[in-house]
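The chain contents come next:
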Amino acid sequence: MTGERLRFDGWIAGVGTASGTRLVVGHWPRSPFGAFSDVMVEHSDGVRVLLAPSRRIADFVAATYRFDRIEVVPVTVSVGGDTWLVEAGPLRLRLRTGRRSALGLLLSAVPAPLARSPHWAALCDGPARLLMPGVRTLGRAGPGRREWYGARGLRPVVAAHAVLDGAGLGRLAPLDPPVAFGFGSAPRRPSLVRVTTTVELSPAGR
């Protein structure tokens, strides 16, 4: 028996910094909660922090992923051409993306209905692990939840500047070690991924 399926359509940006702090931004123009953005922060010591725009969203995300601390703060994402500006409470992050790679062009051809399918996610899981260590497209997400990702585009992040709690986080770096919020990480190479994310709730967990 399948449970309720909640779909989030948007982008995930993942970057590392020279300080060892890694950042994962979710920007969701279409979701069961309306349009919103959130940020997951993992510090060099492994402490995981969620920056969410409302208590309702914070509760849902925290039931799906693992965090040591949750902060409900204003979160905004502004996009102008190849530049993204993210402001989330104590964090200010500016990203610049590059041109799509061959893989990015291939992913952009994936039809939306296919990207929503768990069977497609299962088929892509093996190649994703091989091509991008740490990345998974299908797995368990919190008690009574299953989650899968359908990538529909990929661009490299070629520049980033981040300030957290008033301190600069240093130059752009690989997302290494992989982040540990859920069953998989964002790509090691700083990237912006166009994605449809589906979270399936077990019938008892609705």
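Check the entry above for the structure.
The present account deals with the structure reproduced in this document. Note on numbering: residues in each chain are counted from 1, in written sequence order. Predicted model: local features are reported for residues with pLDDT of at least 70 only, side-chain atom pairs are reported and counted for 80 or more only, and whole-chain, interface and lining totals are derived from all residues. Note: side-chain values were computed over all heavy atoms of the structure, leaving out hydrogens and water.

**Considerations on the pattern of salt bridges**
Argument step 1. By definition here, a salt bridge exists when the distance from a side-chain nitrogen of Lys or Arg to a carboxyl oxygen of Asp or Glu is within 4 Å. On inspection of all chains with the given rule, the structure shows 13 salt bridges.
Argument step 2. With a shortest N-O distance of 4.0 Å, arginine 188 and aspartate 176 are connected by a salt bridge. Taken as a pair, arginine 188 in the loop between strand 12 (172–173) and strand 13 (191–201) and aspartate 176 in the loop between strand 12 and strand 13 lie far apart in primary sequence, 12 residues in all.
Argument step 3. To sort residues, take the accessible area from a 1.4 Å probe on protein chains only and compare it with the maximum for the residue type: under 20% means buried, over 50% means exposed, and anything in between is partly exposed. For aspartate 176, a relative accessible area of 43% translates into the label partly exposed.
Argument step 4. Each of the salt bridges in this network shares a partner with another, and the network as a whole consists of Asp9, Arg30, Arg152 and Arg194. Helix numbers and strand numbers start at the N terminus; a helix is a DSSP run of H or I with at least 4 residues, a strand a run of E with at least 2.

**Some points on the pairing of strand 6 (residues 75–80)**
Looking along a regular strand, one sees side chains alternate from face to face of the sheet.
Argument step 1. Here strand 6 pairs with strand 7 (residues 83–88) via six bridges, running antiparallel. The residue of strand 7 that forms the bridge with valine 75 is alanine 88.
Argument step 2. Note on pairing: two strands pair once DSSP finds at least 2 bridges between them. In sequence, strand 6 turns back onto strand 7 through a hairpin of two residues, with glycine 81 there showing a positive phi of about 65°.

**Observations regarding the pairing of strand 2 (residues 22–30)**
Argument step 1. Buried residues dominate strand 2, accounting for seven of its nine residues.
Argument step 2. Sheet topology note: the strand 1 (residues 5–17)/strand 2 ladder contains seven bridges and is antiparallel. Each bridged residue has a counterpart across the sheet, and for alanine 13 the counterpart in strand 2 is valine 25.
Argument step 3. Hairpin connection of strand 1 to strand 2: four residues between the antiparallel strands, including glycine 20 at a positive phi of 95°.
Argument step 4. In the sheet, strand 2 pairs with strand 3 (residues 36–42) via seven bridges, with the strands oriented antiparallel.

**What to know about the packing of aromatic side chains**
The geometry of an aromatic ring pair is captured by the separation of the ring centres together with the interplanar angle, meaning the angle of the planes.
Argument step 1. Classification of ring pairs uses Phe, Tyr and Trp, with its six-membered ring standing for Trp, and accepts pairs whose centres are within 6.5 Å; under 30 degrees between planes counts as stacked, over 60 as edge-to-face, and the remaining range as tilted. Applying the stated criterion across every chain, the model contains nine aromatic pairs.
Argument step 2. These aromatic residues form a ring-pair network of at least three members: Phe8, Trp28, Phe33, Phe36 and Phe60.
Argument step 3. Sitting over the ring of tryptophan 11, arginine 194 keeps its end group 5.0 Å from the ring centre. Any Lys NZ or Arg CZ that is within 6 Å of a ring centre and within 35 degrees of that ring's normal is treated as a charge sitting over the ring.

**Observations concerning helix 4 (residues 118–131)**
Along an α-helix, residues three or four positions apart point the same way, because every turn accommodates 3.6 residues.
Argument step 1. Its 14 residues place the ends of helix 4 20 Å apart at the C-alpha level, agreeing with the 20 Å of an ideal helix rising 1.5 Å per residue.
Argument step 2. At aspartate 125, helix 4 is bent by approximately 35°, the largest bend along its length, and proline proline 127 sits one to four residues beyond.
Argument step 3. All of the buried residues along helix 4 are Pro118, Ala121, Asp125 and Ala128.
Argument step 4. Residues are treated as being in contact if the distance between any of their heavy atoms lies within 4.5 Å. The inward-facing, buried residues of helix 4 abut strand 1, strand 9 (138–140) and strand 10 (145–164).
Argument step 5. For the purposes of these results, a polar contact is taken to be a pair of N or O atoms within 3.5 Å, where, inside protein, one atom must be able to donate a hydrogen and its partner to accept one; residues adjacent in sequence count only when each atom of the pair is a side-chain atom. Capping the start of helix 4, serine 117 holds a side-chain oxygen 3.1 Å from the backbone nitrogen of histidine 119, two or three residues further along. One less than the residue count of a helix, multiplied by 1.5 Å, gives the span that helix is expected to have. One fitted axis covers the seven residues ending at a residue, a second covers the seven starting there, and the bend at that residue is the angle between these axes.

Such coordinate-based values are descriptive only and should not be taken to indicate function.
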